[in-house]
Amino acid sequence: MIDYHAPTRLILIRHGEAHANIDNIAAGSRTCRGLTDTGRNQAEKLAKHLASQQDYEIDAVYSSTAARARQTGEILAAALDRPLLPALSAPDYGKGDGRPWPEIIAGFGDAPALHPDRPLAPGAESWTTYQRRTGQDLADLMGRYPGRTVAVVAHHETIIAASMNFLALMPWARADVSFAADYTGVTVWQYGPLRHTSPHGGYNRWKLVRHNDTRHLD
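Not measured: the values here are computed from a predicted model.

Colleague: I tried to follow the overall build of the protein chain on my own but got confused; where do I start?
Modeller: When you go through the protein chain residue by residue, the secondary structure sums to 6 helices and 6 strands. Along the protein chain, from the amino end to the carboxyl end, the secondary structure elements read β-α-α-β-α-β-α-α-β-α-β-β. Taken over C-alpha atoms, the radius of gyration comes to 17 Å for the protein chain, in line with the 17 Å a tight globule of 218 residues would show. Along the longest, intermediate and shortest principal axes, the C-alpha atoms of the protein chain span 55 × 35 × 30 Å. In the protein chain, 71% of the contacts between residues at least 6 apart in sequence involve partners at least 24 apart.

Right, here's the structure in full:
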């Protein structure tokens, strides 16, 4: 039975260290080579930590379709005895997919955060588009799990975009503020009723409970 008065919890997790990170390339779903051995070790420590915590039950595990996020999600889902649902799209880098980041930035000609409406490369999505898409994807996903807890393994960009959406920051604010996300760092947001309002008023808000928690790597 769904408790509609219980908070809905979103656990956002960055993937473990990937070959794309070591090689400093922009890797979408097509070119991602997955986790390094270090990244797998990080994911295993994450999975052991979340499987042993007693604060709440994780009802579902999702990941982006990029191999580094999917592999991290598979390790976590196995530890939680849940299926992995690789249902979220990875960042779309267009013709920049698989190219070194310094080359992409040189071609862009400026700091991308200063131009959120410009695609990084031909055929890529702009930051504005990505932030909007991420917000819609997460809203649709969380709408399926009222009063429950969902873990989403994705990307640094996902955590930044989600945080900006929940804090009602416009895309161009990325030039002024950002959010750290280390490998397998855990960020927890909770959606529930605003205190001191009528329980039947239906006014809810997002609350940041934890950000970039990497205690499992200690």
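What follows continues from the structure just given.
Colleague: Would you take a moment to explain the environment of Gly147 for this structure?
Modeller: Note that Gly147 resides in the loop between α5 (127–142) and β4 (149–154). By relative accessible area, which is 24% here, Gly147 ends up partly exposed. Here the alpha-carbon distance between Gly147 and Gly192, two residues 45 residues apart in the chain, equals 8.4 Å.

Colleague: What is the right way to read the sheet that holds strand β1 (residues 8–14) from this model?
Modeller: Taken in spatial order, the 6 strands line up as β3-β2-β4-β1-β5-β6 in an open sheet, and their pairing is mixed. Of all strands in the sheet, those bounded by a partner on one side alone are β3 (84–88) and β6 (204–213). Across the sheet, the axes of successive neighbouring strands diverge by a mean angle of 25 degrees, strand direction being ignored. One ladder, built from 6 bridges, connects β1 with strand β5 (residues 186–193); its direction is antiparallel. Considered in β5, the bridge of Ile13 is made with Val186. Its contacts with the sheet place helix α3 (residues 67–80) against β1, β2 (60–64), β3 and β4, and it is angled at close to 170 degrees to β2. Here helix α6 (residues 156–166) sits on the sheet in contact with β1, β4, β5 and β6, set at roughly 145 degrees to β1.

Colleague: Any chance you could explain the pairing of β3 here in plain terms?
Modeller: Two faces make up the sheet, and in a regular strand the side chains alternate between them. In terms of strand pairing, β2 meets β3 through 4 bridges, oriented parallel. Residue pairing for β3: Ser63 is matched across the bridge by Pro86.

Colleague: Would you explain empty space enclosed by the protein in this entry?
Modeller: A probe matching the size of a water molecule, rolled over the atoms, marks out where space remains unfilled. Using the criterion set out here, one finds 1 cavity of 30 Å³ or more in the structure. Roughly 70 Å³ of internal volume is contained in the largest cavity. Sort the elements by how many residues they give to the lining of the largest cavity and α5 lands first, with 5 residues. Residues belonging to the lining of the largest cavity are distributed by class as follows: 4 nonpolar, 5 polar and 2 charged.

Colleague: I keep staring at the packing of helix α2 (residues 37–52) against α3 and nothing clicks. Help me out?
Modeller: Working note: a packed helix pair is described by the angle between its axes plus the distance between those axes. Taken N-terminus to C-terminus, the directions of α2 and α3 make an angle of 30 degrees; their axes are 9 Å apart at the nearest point. Between α2 and α3, the interaxial angle falls into the category roughly parallel. Crossing geometry of α2 relative to α3 is assigned as right-handed. Across from Arg40, Ala43, Glu44, Leu46, Ala47, Leu50 and Ala51 in α2, the residues of α3 making contact are Gln71, Thr72, Ile75, Leu76, Ala79 and Leu80. In the contact of α2 with α3, the residues fall into 9 nonpolar, 2 polar and 2 charged.

What counts, and where the lines are drawn
Within any chain, residue numbers begin from 1 and follow the written order of that chain's sequence. Side-chain atom pairs in this predicted model are given and counted only at pLDDT of 80 or more, local residue features only at pLDDT of at least 70, and totals for whole chains, interfaces and linings cover all residues. In computing side-chain properties, one takes all heavy atoms of the structure into account and sets aside hydrogens as well as water. Helix and strand definitions here come from DSSP, where helices need a minimum of 4 consecutive H or I residues and strands a minimum of 2 consecutive E residues; each element is numbered from the N-terminal end. We compute the radius of gyration over the C-alpha atoms and compare it with the globule rule, which gives 2.2 Å times the number of residues raised to the power 0.38. Should any heavy atoms of two residues lie within 4.5 Å, those residues are counted as being in contact. Only protein chains enter the accessibility calculation, which uses a 1.4 Å probe; a residue is then buried when its area is under 20% of its type maximum, exposed when over 50%, and partly exposed in between. Strand pairing is assigned whenever DSSP identifies at least 2 bridges connecting the two strands. Here, axes are lines fitted to C-alpha atoms. For helices the fit covers the stretch in contact, and angles between N-to-C directions go from 0 to 180 degrees. Detection works on a 1 Å grid of protein atoms alone, calling trapped sets that fit a 1.4 Å probe cavities and calling open sets with protein on both sides within 12 Å along at least five of seven lines pockets, with lining residues defined by an atom within 4 Å of a point. Grid points are joined across faces, edges and corners, and a volume is the space filled by probe spheres set on the points. Lys, Arg, Asp and Glu make up the charged group, whereas Ala, Val, Leu, Ile, Met, Phe, Trp, Tyr, Cys and Pro make up the nonpolar group; the residues left over, Gly among them, are polar. Each angle receives one of four descriptions, namely roughly parallel if under 35 degrees, roughly antiparallel if over 145, roughly perpendicular if within 65 to 115, and oblique otherwise. Working rule for handedness: look at the near helix, and if it is turned counterclockwise from the far one by less than a right angle, call the crossing left-handed; if clockwise, right-handed.

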